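Below, each chain spelled out in residue letters.
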Amino acid sequence: MADIETPRIARAGIFGIFIARQRDTEDAMGSGMVEERVQEVYLVRCIHCETEYDACRSPWCECITASPSLVCPECLACFCDADAAARRRFWWDAPRELWRRRLDRGYRELLPEAPSEEAAGPGRPLALIADDDPASRCIAGRALAALGFSVLLAEDGERACQLALQHQPDLVLTDCLMPRLDGKALCRRLRGDRRTSGARLVMMSALHRGASVDRNLLEETGADEFLPKPIPWETLAQAVRRWAATAAR
Ligand SMILES: [Zn+2]
Ligand SMILES: [Zn+2]
């Protein structure tokens, strides 16, 4: 038997947040001894389909970002694309249980950095990831490894260029803004060198949005593709499939 205490409206807004503490009482043994657990419930309204769901029971999304969000059980969309203020408010109001899950996950995801200079395994395509943010680098690395790549990681454009000339990766995923050598200059250099000119170059950025910006960026740098950050897992997988299709030709 479960009952929900009168929900308290925490704050109105895009998420329409309610907080309630659910009290589960259970008499499992039928002995009259009642065990009582208090569970936190964090009701939020999906920004896409407006379904109300309990964020405490929702799985994390698979977006390639250091701070992923949660998935709506109805439309399966996350809220990584909500504006920053709304996401901040979500976390301000989030109950302890959800914070604990977030921290647990953060430590598990971020601690072991993928091996940074493993040569390509036989039959595996090689991807090079250049990003000065260690969390993004690591998460993108894991995602590409899961998609079948051997992975090289570089923390700036200069290092990425060095690794690319040395190992000749099939795919280069680079952040736009980086110290020492930015993503645009990196793409131009790799396109201009015969050792790396055939690589698939994918630029990612949290700052650039909009189709015309993308086109200019691609023309200017010789990159094949542009992905706005945060990148959902499925978007990265599609980019990999597009690369595989061109490589097979
Ligand atoms: Zn939804
Ligand atoms: Zn997401």
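The rules behind the values
- Residues numbered from 1 in each chain as written.
- Chains lettered and ligands numbered in written order.
- Predicted model: local features only at pLDDT ≥ 70, side-chain atom pairs only at ≥ 80, totals over all residues.
- Helix = DSSP H or I, 4+ residues; strand = E, 2+ residues; numbered from the N terminus.
- Buried ≥ 20, exposed ≤ 12 C-beta atoms within 10 Å, placed from the backbone.
- Arc of directions from axis to C-beta.
- pLDDT = per-residue confidence, 0-100.
- Contact = placed C-beta atoms within 7 Å.
- Core = buried A, V, L, I, M, F, W, Y, C linked by C-beta atoms within 7 Å.
- Domains from an automatic or database assignment.
- Axes fitted to C-alpha atoms, helices over the stretch in contact; angles between N-to-C directions.
- Parallel < 35°, antiparallel > 145°, perpendicular 65-115°, else oblique.
- Left-handed = near helix turned anticlockwise from the far one by under 90°.
- Nonpolar A, V, L, I, M, F, W, Y, C, P; charged D, E, K, R; others polar.
- Pairing = 2+ DSSP bridges.
- Right-handed = clockwise from strand over helix to strand, strands pointing away.

Before going further, it helps to examine the environment of Val240. Structurally, Val240 can be placed in helix H7 (residues 233-248). Once the C-alpha coordinates of Val240 and Leu144 are considered, the two residues, 96 residues apart in sequence, prove to be 8.6 Å apart.

On to helix H5 (residues 183-192), then. Buried within H5 are the following residues: Gly183, Lys184, Leu186, Cys187 and Leu190. Mapping the buried residues of H5 onto a view down its axis gives an arc of 160 degrees, with all of them on the same face.

Moving on to the environment of Ser150. Positionally, Ser150 belongs in strand E7 (residues 150-154). Separated by 23 residues in the primary sequence, Ser150 and Ala127 place their C-alpha atoms 6.1 Å from one another.

On to the confidence of the model for the protein chain. Averaged over the protein chain, the pLDDT score is 77; the fraction of residues at 70 or greater is 72%. Confidence over residues 1-14 falls short of pLDDT 50; this stretch has 29 contacts with residues more than four positions distant or in other chains. Here residues 110-120 is modelled with pLDDT under 50, and outside its nearest four sequence neighbours on either side it reaches 15 contacts, counting other chains as well.

In this section: the nonpolar core. By size, the foremost hydrophobic cluster in this structure holds 51 residues, and its most contacted members are Ala127, Leu128, Ile129, Val172 and Val202. Split by domain, this core shows at least three residues from each of two domains, domain 1 (2-110) and domain 2 (126-248).

The next thing to look at is the packing of helix H4 (residues 157-167) against H5. Interaxial distance between H4 and H5 falls to 9 Å at its minimum, and their mutual angle equals 20 degrees. By the angle class used here, H4 and H5 are roughly parallel. As for the relative orientation of H4 and H5, their crossing is right-handed in sense. Contacts from Gly157, Ala160, Cys161 and Ala164 in H4 reach Gly183, Ala185, Leu186, Arg189 and Leu190 in H5. Here the residues of the contact of H4 with H5 sort into 6 nonpolar, 2 polar and 1 charged.

Here the focus is the sheet that holds strand E10 (residues 225-228). If you walk across this open sheet you meet the 5 strands as E7-E6-E8-E9-E10, and the pairing is parallel. Strands with a single pairing partner mark the edges of an open sheet, and in this sheet they are E7 and E10. Strand-to-strand twist of the sheet, defined as the mean angle between neighbouring strand axes without regard to direction, takes the value 20 degrees. Taken together, the 4 bridges between strand E6 (residues 126-130) and strand E8 (residues 171-175) define a ladder with parallel strand orientation. Its bridge partner lying in E8, Ala127 is registered against Leu171. Lying over the sheet, H5 contacts E6, E8 and strand E9 (200-205), oriented at roughly 155 degrees with respect to E8.

Turning our eyes to something else, we now look at the pairing of E6. For E6, a buried count of 5 out of 5 residues is recorded, marking the element as mostly surrounded by other parts of the structure. The alternating pattern of E6 places Leu126, Leu128 and Ala130 and Ala127 and Ile129 on opposite faces, both of which are buried. Note that E6 and E7 share 5 bridges and pair parallel. Paired with Ala130 across the bridge in E7 is Ala154. Each parallel crossover has a hand, and for E6 linked through helix H3 (residues 134-146) to E7 it is right-handed.

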